[in-house]
Amino acid sequence: MQKKLVGVDIGGTTVKFALINVDGSVEKKWHIKTDTSQHGERMPYQIVKSMTENTDMYGDEVIGIGVGVPGQISADGKSVVRAVNLGWHNVPLKVVIESEFNKPVVLVNDANAAALGEMWQGAAKGKSNLIFVILGTGVGGGIIVDGKVLNGVHSSGGEIGHIPVNTTEQRVCGCGNVNCLETFSSATGVIKTAKKLLDETGVDRGSFDTKDVFSWLDQGDPIAEQVVSLTVKYLGQAIAGIMNTVDAEGVVVGGGLSEAGDPLLEPLRKSIDKYIFPQIKNRYFVRKAALGNDAGILGDVYPLLKVIGAKSADSLSVSY
């Protein structure tokens, strides 16, 4: 019988679960609604209950549990320091789950988990040095060096979206700072830039989304060209800065905005090349993420492979 791991991906709307073989194949998926009432205090126990109901958690088949959280993980890996969307503050999630099942539990930041998933089974399979960028409502990310996630002293490693942008324009970020990268290079930032340029030219195109912007780009629309140019300029500067610091093998881009594909990735490559250290230029890759929604839940369990010594895994070099 092949040993299995349970991945738990906690989101603001749903908590997704998967029963995963140690070779990375997914055997079963299910989900429950995220309950953020009363500051989410019942959620850890609802997660335990759902795992108990959907697989044999007390037998020998399941040998570990990986949990992805949209927030900061404590330096000792035992607690969720803060997860705003869940109402959590210093929640001892590892302790709660581990005490119930008496099996190894790892907590992983959700963006870091997606980076690990893409390294293990996705667009960066076989690599161990990676910059992962998530372009969604905001900009998230994960940085992996020698197979290890850079979590940082304050559990804030990989906060790519909050790299400052040098511009005279003033955009306030949700974190409270002004001109963070995500205010320009996220899906939200793309729409904001497009609206600004349309207003300046007196053009009214009604409501639109990022798919419309890239559709306009495909038609040779000059405003869409300016929007994408500004978006990749700032994103390329930020990524080049990280590449020049950690010298990763490549960049994987995920999130909803990445669905634009080459019309986004090709100008992004050129932008990175403009700012990257000459020794690295043309010696790294830029790829679209391959795993979609499965990246996080695979990355949730990946650190367990080192903990449990799963010999059938592709690599045991990771630690977390």
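Rules used in this analysis
Residues numbered from 1 in each chain as written. Predicted model: local features only at pLDDT ≥ 70, side-chain atom pairs only at ≥ 80, totals over all residues. Heavy atoms only, no water. Core = buried A, V, L, I, M, F, W, Y, C linked by side-chain atoms within 4.5 Å. Buried < 20%, exposed > 50% of the residue type's maximum accessible area, 1.4 Å probe, protein only. Helix = DSSP H or I, 4+ residues; strand = E, 2+ residues; numbered from the N terminus. pLDDT = per-residue confidence, 0-100. Contact = heavy atoms within 4.5 Å. Salt bridge = Lys/Arg side-chain N within 4 Å of Asp/Glu carboxyl O. Axes fitted to C-alpha atoms, helices over the stretch in contact; angles between N-to-C directions. Left-handed = near helix turned anticlockwise from the far one by under 90°. Nonpolar A, V, L, I, M, F, W, Y, C, P; charged D, E, K, R; others polar. Pairing = 2+ DSSP bridges. Expected span 1.5 Å × (residues − 1). Polar contact = N/O pair within 3.5 Å; in protein donor to acceptor, adjacent residues only side chain to side chain. Phe/Tyr/Trp six-rings, centres within 6.5 Å; stacked < 30°, edge-to-face > 60°. Lys NZ or Arg CZ within 6 Å of the ring centre and 35° of its normal.

1. Some thoughts on the nonpolar core
- If you look at the biggest cluster of nonpolar residues, it comprises 43 residues, and the most contacted ones within it are Val-133 and Met-243.
- The dominant element in this core, judged by the number of residues it contributes, is helix α7 (residues 222-246), at 12 residues.
- Within the second largest apolar cluster, 29 residues are counted, among which are Val-108, Leu-130, Ile-297 and Leu-305.

2. Some words on the confidence of the model for the protein
- Overall, the predicted model of the protein reaches an average pLDDT of 92, with 96% of residues at or above 70.
- Confidence over residues 311-320 falls short of pLDDT 50; this stretch has 29 contacts with residues more than four positions distant or in other chains.

3. A look at the pattern of salt bridges
- Using the criterion set out here, one finds 12 salt bridges in the structure.
- A salt bridge links Arg-205 to Asp-221; its shortest N-O distance comes to 2.7 Å. Of this pair, Arg-205 sits in the loop between α5 (187-201) and α6 (210-218) while Asp-221 sits in the loop between α6 and α7; the two residues are 16 residues apart in sequence, bridging distant segments of the chain.
- We classify Asp-221 as buried; its relative accessible area is 14%.
- Two residues, Glu-266 and Arg-269, come together in a salt bridge whose shortest N-O distance is 2.4 Å.

4. What about helix α9 (residues 294-301)?
- Burial of α9 is extensive: 7 of the 8 residues sit out of reach of the surface.
- Along α9, the residues classified as buried are Ala-295, Gly-296, Ile-297, Leu-298, Gly-299, Asp-300 and Val-301.

5. Some points on the packing of α6 against α7
- Running from amino to carboxyl end, α6 crosses α7 at an angle of 115 degrees, the nearest separation of the two axes being 8 Å. Helix-helix and strand crossings are classified by hand; for α6 and α7 the assignment is left-handed. The segment α6 lies against α7, with Val-213, Phe-214, Trp-216 and Leu-217 engaging Ala-224, Glu-225, Val-227 and Val-228.
- Class assignment for the residues of the contact of α6 with α7 results in 7 nonpolar, no polar and 1 charged.

6. Regarding the pairing of strand β1 (residues 4-10)
- The buried fraction of β1 is high, at 7 of 7 residues.
- Neither face of β1 is open: one carries Lys-4, Val-6, Val-8 and Ile-10, the other Leu-5, Gly-7 and Asp-9, and all of them are buried.
- The pairing of β1 with strand β2 (residues 14-21) spans 7 bridges and is classified as antiparallel. Paired with Leu-5 across the bridge in β2 is Ile-20.
- The antiparallel hairpin formed by β1 and β2 contains 3 residues in its connecting segment.
- Looking at chain direction, β1 and strand β4 (residues 62-69) are connected through 6 bridges and run parallel. Looking across to β4, one finds that Lys-4 is bridged to Val-62.

7. Description of the sheet that holds strand β12 (residues 250-254)
- On the basis of which strands lie adjacent, the open sheet formed by 5 strands has the order β11-β10-β9-β12-β13 and mixed pairing. This sheet does not close on itself; its edge strands, each paired only once, are β11 (148-149) and β13 (285-288).
- Judged from the 5 bridges that link them, strand β9 (residues 130-135) and β12 form a sheet pairing that is parallel. Across the sheet, residue Val-133 finds its bridge partner in β12, namely Val-253.

8. Regarding the pairing of strand β8 (residues 105-109)
- Burial analysis of β8 places 5 of its 5 residues in the buried class, the great majority of the element.
- Of the two faces of β8, the one lined by Val-105, Leu-107 and Asn-109 and the one lined by Val-106 and Val-108 are each fully buried.
- Two elements, β4 and β8, share 5 bridges in a ladder whose sense is parallel. Residue pairing for β8: Val-69 is matched across the bridge by Asn-109.

9. Some remarks on helix α3 (residues 110-121)
- Across its 12 residues, α3 extends 16 Å between first and last C-alpha, which sits within 8% of the 16 Å expected from 1.5 Å per residue.
- Most of α3 sits inside the fold, with 10 of its 12 residues counted as buried.
- By the burial criterion, the buried members of α3 are Ala-111, Asn-112, Ala-113, Ala-114, Ala-115, Leu-116, Gly-117, Glu-118, Met-119 and Trp-120.
- Capping the start of α3, Asn-109 holds a side-chain oxygen 3.0 Å from the backbone nitrogen of Ala-111, two or three residues further along.

10. A look at the packing of aromatic side chains
- What the rule picks out here adds up to 5 aromatic pairs.
- Aromatic pair Phe-17 and Trp-30: ring centres 5.1 Å apart, planes at 0 degrees, arrangement stacked. Linking Phe-17 in strand β2 with Trp-30 in strand β3 (residues 26-33), this pair joins segments that are 13 residues apart in sequence. Take Phe-17 and Trp-30: they sit in the same class, and that class is buried.
- Geometrically, the ring pair formed by Tyr-58 and Phe-101 is tilted, given 5.3 Å between the ring centres and 55 degrees between the ring planes. Highlighted residues: Tyr-58 in the loop between α1 (43-54) and β4 and Phe-101 in helix α2 (residues 93-101), separated in sequence by 43 residues.
- With a relative accessible area of 5%, Phe-101 lands in the buried category.
- The cationic tip of Lys-28 hangs over the ring face of Trp-30; the distance from NZ or CZ to the ring centre is 5.3 Å.

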